[in-house]
Structure formats: structure tokens, C-alpha cells
Amino acid sequence: MALKTYPKAYFELLTAAFTLIMGMSLSSAFLPIFAYKLDPSGILVGSVSSAWFISRIFTELPSGILADRLGRWKLLVSGLALSAAGAFLCSTADSIHILIVGRALWGLGTGLFFISSSVTIFDLFKSNVRGRALGTFQAIQFVGSLIGAPIGSFMVAFTGFKGVFVMASTLMICSCIVTLFSKGLRRTAMERNVRQTTLSLTDVLSSLKSRGLAALCANSFFRMFVIMGLSGTVFPLYLNFELGIPVELIGLIVSFKTFGTIIATALSGYLSDKFGRKPMIALGMLLDSLCFYAYTVASSFDTLVLIGLAEGFGSGMILTSMMVLLSEVVSSKLRGGALGMYRTFMDVGGFIGPLFFMSILEPLGYQLTFISAVIILAANIVLILTVKKKNLEVDETG
């Protein structure tokens, strides 16, 4: 299925997601600095970041169920509206407490949007092309993330911190308008609702009895546990304190990781359609495991950049294939709730991971901390290979 034959609703959704992600990333480079200027208390500065995760932990599952019960389009519009409101509230922040509330509202909105957007793509495409459609969608999102941070950092010199949040809110309002007036997205939601049954939280929780969904949720938890704990927390400390690499060059390594993810998400969707979801996920986890070990034996900056590129590629291979596999282990009526469950496990892993890895860093040291992540990913490879797809073609829509 060529890209030009994709439905118009897909490109409208893609446009909304791109501007939302770019708006989110505008403040990513300076957010802790802005928070510190409002109040230097370490706990409150940390709360500005954690508010995003905390709000999502408690809303991912309910929003997935609401996407099944109320329709995807309503939650897409609501999520974008809440995100715009949260960003605007951040732009008015004269105290750190207002910034925390704005970030929590912003996180709630993005949670609603991304659950509904993923399930909408599941609805728009049949299983044999769903991988490449979702891969392209996620790759474009990462492009928005890649360019947003430097643009936001450049804007601060001219508009100040608050002006960047106003720009972010403006971008999200544009996304909301595109989605609100999209006939294709509304029609897709209405077609799905015709066949929709009323589900409860109990129905969704009972779906965890499915070994496949339970394995994917566990995998989601441990992946984000490692990503946020090791890659997002320990890794920068290792580069700076152990290897003496300056912060600006650490940013370059991180950029190459993001670039590797962009390439992989664009390719892995097609490859997973052709060769299967589980082989792509297993290969991605194996590549990430090798990269985590390679970091402990590499010393030159050029080598670390290449390893970062490879790690990002491995992560991108996993991301798209995991999401598509999720759509193939549950029936269509449970997809929204199942995706909410999956993302809730992911958010909890992201919240706990930094605490765990920082607690073992001092007694174990950097090398053993990295190796512990390798062991976790290796166990996840075994876990993912146990997942079995169901024959859900009767549920598929064109």
C-alpha cells in the first residue's frame, strides 16, 4: 500500500501529531532551568518533570477505555485542547506551583491524544500494512521532537521562557483545529462506534488474563524502566563524570540516538509487515543490549556517537513493532483499553526506573549497573518470543 493511497484522515492525524510533538519539545532543553529560576527547591524542580508522568499513570487506562466507549475523535480533540491549555498555563507561571499544574494538564492532554491516535491508526489500516503506517507516523513525530528543542532554545533569547510556551500553545491550537474539522477522522470514529460494545474497566483488566497482552505490558514496563533509568539518568552521568565528556557533546550523542530512532521507525514498520513483529522486537532488544555493554568498554567520543546511533536504531525497531503486535493480540473492541493498559505500565516503569538505577549505581558502579540493564533486556527477549498472535482478521477494517 503506497503512501499516496493512505486515507486523508491519516495525514490530518499526522499533521496534528507533528505539531503537538514539536510544541512539546520546544521547552525540553530549558524546562528545569526555568523551574529552578522560579524556585530552587530540588523537590519542586523535580516535580515539574514528574507531574507529566504522574498524570499519565492515572489517566492512560481510563482514556483508552473512553476511546473505545466515546470514540477516538472526541478524545483526540479533547487531548489537544487540554494540551494547549496546559502549555498556556505554563506561559503564565510566576510560581513553580502553576508550572507544575500546567505540566500535569499538558501531560493529561497528550496522554488522551496519543492513545486515541494510535488506536485510530489501528482502525484505519489492515494488519498487513499497519506496521509501515504506524512506523511512518512515529518517525514523523520524532522529527518534530528533533527540531523542536533547538528552536525553543533559540527562541528564549528573543521571547524569554514564557514566549516559548505561548508558541507551544499556539501550535497545539492549530493541531486542535485540524482535528476538529477533519471529516475523515470523525467518519472513522463513527464507523467504529457502530460496531462498538460498551466496555468497563473490569472487561479491560480481565483481558490481562491473555498471556500475550500480559507479556507485552510487562515488556513495556521493563523497557521504559531501562530507558528512563539507564539511558535517561545514569548514562549522562557516566559520560560526564566517568568519561569527562562535556554537556554540549553529550547533547550531540543524544541527538544521534534520536536520529537512529527516526531511521528505524521509518524502516521497521515495513520490515515487521514483511518478516513479523517478534523478530524485529527481538533484534531491537538484542541491539540495545549490545550497545549498553559497548558503552562500558568504549572511550572515544566518535565511538560513543556510533553506539548511540545504533542504540537509537534498536529502540526504533522495538517501538513500532511492539505497538502493532499489541493490536494483534486483542480484539478490536478492546484495543483502546489494552493500549491504555500498555501505556500505564510504560509510565510506571518510567517513574520507577530512575529511582532503581540510581539506588544501585553507588554500590555496584557504572559497569555492573549497565550490565544489569543488559540482563533485563535479555529476559525481555525471551518474554516477547512467548507472545502469540490471535486471528483477528474478522475485526479488521479497511
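As shown above, the structure is provided for reference.
The rules behind these values
Sequence order sets the numbering: in each chain, residues are counted from 1 along the sequence as written. A pLDDT threshold of at least 70 governs which residues receive local features in this predicted model, and a stricter bar of 80 or more applies before side-chain atom pairs are shown or counted, although totals over entire chains, interfaces and linings include all residues. To obtain the side-chain values, all non-hydrogen atoms of the structure were used and water was disregarded. Per the convention used, a helix needs a DSSP run of H or I reaching at least four residues, while a strand needs a run of E reaching at least two, with both numbered from the N terminus. By definition, residues are in contact when any of their heavy atoms lie within 4.5 Å. Polar contacts, as counted here, are pairs of nitrogen or oxygen atoms within 3.5 Å of one another; within protein the pair requires one atom able to donate a hydrogen and one able to accept it, and residues that are adjacent in sequence qualify only if both atoms are side-chain atoms. Any residue with an atom within 4 Å of a point lines the site, the site being either a cavity, points on a 1 Å grid over the protein atoms alone where a 1.4 Å probe fits but cannot get out, or a pocket, an open set with protein on both sides within 12 Å along at least 5 of 7 lines. Grid points are joined across faces, edges and corners, and a volume is the space filled by probe spheres set on the points. Side-chain classes are defined by residue name, with Ala, Val, Leu, Ile, Met, Phe, Trp, Tyr, Cys and Pro counting as nonpolar, Asp, Glu, Lys and Arg as charged, and the others, Gly among them, as polar. Throughout this description, buried means an accessible area under 20% of the type-specific maximum (1.4 Å probe, protein chains only), exposed means over 50%, and partly exposed covers the range between. Definition used for salt bridges: Asp or Glu carboxyl oxygen within 4 Å of a side-chain nitrogen of Lys or Arg.

(A) Structural detail: the environment of Thr19. For Thr19, the location among the structural elements is in helix H1 (residues 8-25). When the C-alpha positions of Thr19 and Cys176 are compared, they lie 9.9 Å apart, and in sequence the two are 157 residues distant. Discounting residues that sit within four places of it in the chain, Thr19 has contacts with Leu171 and Ser175. A distance of 3.1 Å separates the side chain of Thr19 from the backbone oxygen of Ala16, its partner in a polar contact.

(B) Focus on empty space enclosed by the protein. Across all of its chains, the model carries one cavity of 30 Å³ or more by this definition. Here the largest cavity defines a volume of roughly 50 Å³. In terms of lining, the largest cavity is formed by Arg223, Val226, Ile227, Ser231, Asp288, Phe292, Glu311, Ser315, Ile318 and Leu377. Going through the elements one at a time, helix H10 (211-242), helix H12 (277-297) and helix H13 (301-329) are the ones with two or more residues in the lining of the largest cavity. For the lining of the largest cavity, the element with the highest residue contribution is H10, accounting for four residues. A per-class count over the lining of the largest cavity returns five nonpolar, two polar and three charged.

(C) Examining the environment of Gly312 more closely. Relative to the helices and strands, Gly312 resides in helix H13. Its relative accessible area of 3% is what places Gly312 among the buried residues. With 56 residues separating them along the chain, Gly312 and Phe256 place their C-alpha atoms 7.5 Å apart. Once you skip the residues sitting within four places of it in the chain, Gly312 turns out to touch Lys257, Gly260 and Thr261.

(D) Highlighting the pattern of salt bridges. Scanning all chains against the criterion turns up two salt bridges. One salt bridge in this structure joins Lys162 and Asp94, with 2.5 Å as the shortest N-O distance. Within this pair, whereas Lys162 is found in helix H7 (residues 127-180), its partner Asp94 is found in the loop between helix H5 (72-91) and helix H6 (96-124), the two being separated by 68 residues in sequence. Relative accessible area serves as the criterion here: at 61%, Asp94 is assigned to the exposed category. When the shortest N-O distance is used, the salt bridge between Lys257 and Glu311 registers 3.5 Å. Taken together, the residues Lys257 in helix H11 (residues 247-275) and Glu311 in helix H13 connect sequence positions 54 residues apart. Like Lys257, the residue Glu311 is buried in the burial classification.

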